[in-house]
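# Descriptive analysis of the structure
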Amino acid sequence: MMNDPKTRLRRTMMFVPGNSPKMINSADIYGADSLMFDVEDAIAVTEKDTARYLVANALKTLKFHSETVVRINHPTQTPFGIDDLKVILPAKPDMIRLPKVEDVSEVELVTGEIERVEKENGWPEGTINIIGAIESVKGLYNVREICRHPRLIAIALGAEDFIANLKTQRTKTGIELYYARSQILMAARDAEIQCMDTVFSDVRDMEGFEREVTNSRDMGFDGKSVIHPKQITEVHRIYTPDDKQLTHALKVLAAFDDSLKNHKGVLAVDGKMIDGPIVVRAQRIVDQAKAAGIDVEKKREEI
Ligand SMILES: CC(C)(COP(=O)(O)OP(=O)(O)OC[C@H]1O[C@@H](n2cnc3c(N)ncnc32)[C@H](O)[C@@H]1OP(=O)(O)O)[C@@H](O)C(=O)NCCC(=O)NCCSC(=O)C[C@@](O)(CC(=O)O)C(=O)O
Ligand SMILES: [Mg+2]
């Protein structure tokens, strides 16, 4: 689960402004699963050049434990995107984030640039992957086809741009995003790729943040984009199975194994009936716990 780019743990993807040497230098210490160096909307037009060279240089010279992602400018809607790719791709990030994606042809365009650089450098195909971000109604209407592109290994929601396009505003209930979140999730699951929820912009409101992350997790998102290091710990806590969930999942798997070996019929654990989907969910909890670094074998011996 950890090493396959399609399934690796992505509870958090932290935006790091690409024009800040200080933030780029220290970003890796906070333990985000992925770091997303931004040369798009966090960067003023006059700083685009500086940011893309700064990020490329950091990728070439610094050692990152987290996965590295670069959010480029849109390759056709802006004059900066193709230049971003030319400078960033040779620095070999793990992923490119394609913002404001509206059509699968845009994924194809970025894929062409990636393939060219992979060939030039003798890197295996698939060295650099793509995560798309849906940030408009048009993108949402095309999300199924976008998600099915073979280079895309994850899709994200960009809520601030999305609600501007929808002509509304963000509320505490999140009602304005409910349809978009659901649709993006369905498309991701249909294409068997990961799905990241959007940023929560008020870094002081940790109560609101906890509520939003819990809802994202319960809807089915694999993780969340974050903008500040203090949001990372909270997302990891909410996205990591707790002791009770892990114990129950291990009991379910043990009972299921036992039933297969001994040809038993209907099963129950702690008074609840166990059937196929419950076993699948238990396995997912165990996989998530393992990926988060929990010693699952030790726990299995304890119960
Ligand atoms: C908010 C603030 C200015 C506060 O900074 P402050 O410095 O006042 O905060 P402090 O509390 O003092 O920081 C304590 C220590 O952490 C360090 N530190 C803080 N943040 C860090 C970080 N991100 N990376 C590394 N290091 C960091 C800091 O350097 C300090 O280090 P030290 O001095 O050594 O102690 C800062 O966080 C920040 O810039 N965030 C990123 C904002 C950003 O990128 N927005 C664009 C992406 S969204 C978008 O575009 C919308 C979207 O597209 C999204 C979608 O698609 O989902 C859509 O449409 O919805
Ligand atoms: Mg945006």
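What counts, and where the lines are drawn
- Residues numbered from 1 in each chain as written.
- Chains lettered and ligands numbered in written order.
- Predicted model: local features only at pLDDT ≥ 70, side-chain atom pairs only at ≥ 80, totals over all residues.
- Heavy atoms only, no water.
- Phe/Tyr/Trp six-rings, centres within 6.5 Å; stacked < 30°, edge-to-face > 60°.
- Helix = DSSP H or I, 4+ residues; strand = E, 2+ residues; numbered from the N terminus.
- Buried < 20%, exposed > 50% of the residue type's maximum accessible area, 1.4 Å probe, protein only.
- Lys NZ or Arg CZ within 6 Å of the ring centre and 35° of its normal.
- Donors = N, O, S within 2.8 Å, 3.2 Å for Na, K, Ca; no water.

One pass over the structure, following the stated rule, counts two aromatic pairs. Between Phe 37 and Phe 64 the ring centres are 5.3 Å apart and the planes differ by 55 degrees, which places this aromatic pair in the tilted class. Note that Phe 37 is positioned in strand β2 (residues 34-38) and Phe 64 in the loop between α2 (48-61) and β3 (67-71), a separation of 27 residues in sequence. Just as Phe 37 is buried, Phe 64 falls in that class too. Centroid distance Phe 200 to Phe 209: 5.7 Å. Interplanar angle 55 degrees. Geometry classified as tilted. On the accessibility criterion, Phe 200 (12% relative accessible area) is buried. Against the face of Phe 80 rests Lys 48, its NZ or CZ located 5.6 Å from the ring centre.

Take the coordination of the magnesium ion (ligand 2) next. Protein-derived ligands of the magnesium ion (ligand 2) are Glu 135 (OE) and Asp 161 (OD), with the metal-ligand distances lying across 2.0 to 2.1 Å. Here the residue Glu 135 occupies a position in the loop between β5 (129-134) and α5 (137-141), and Asp 161 occupies one in helix α7 (residues 159-166), the gap between them amounting to 26 residues.

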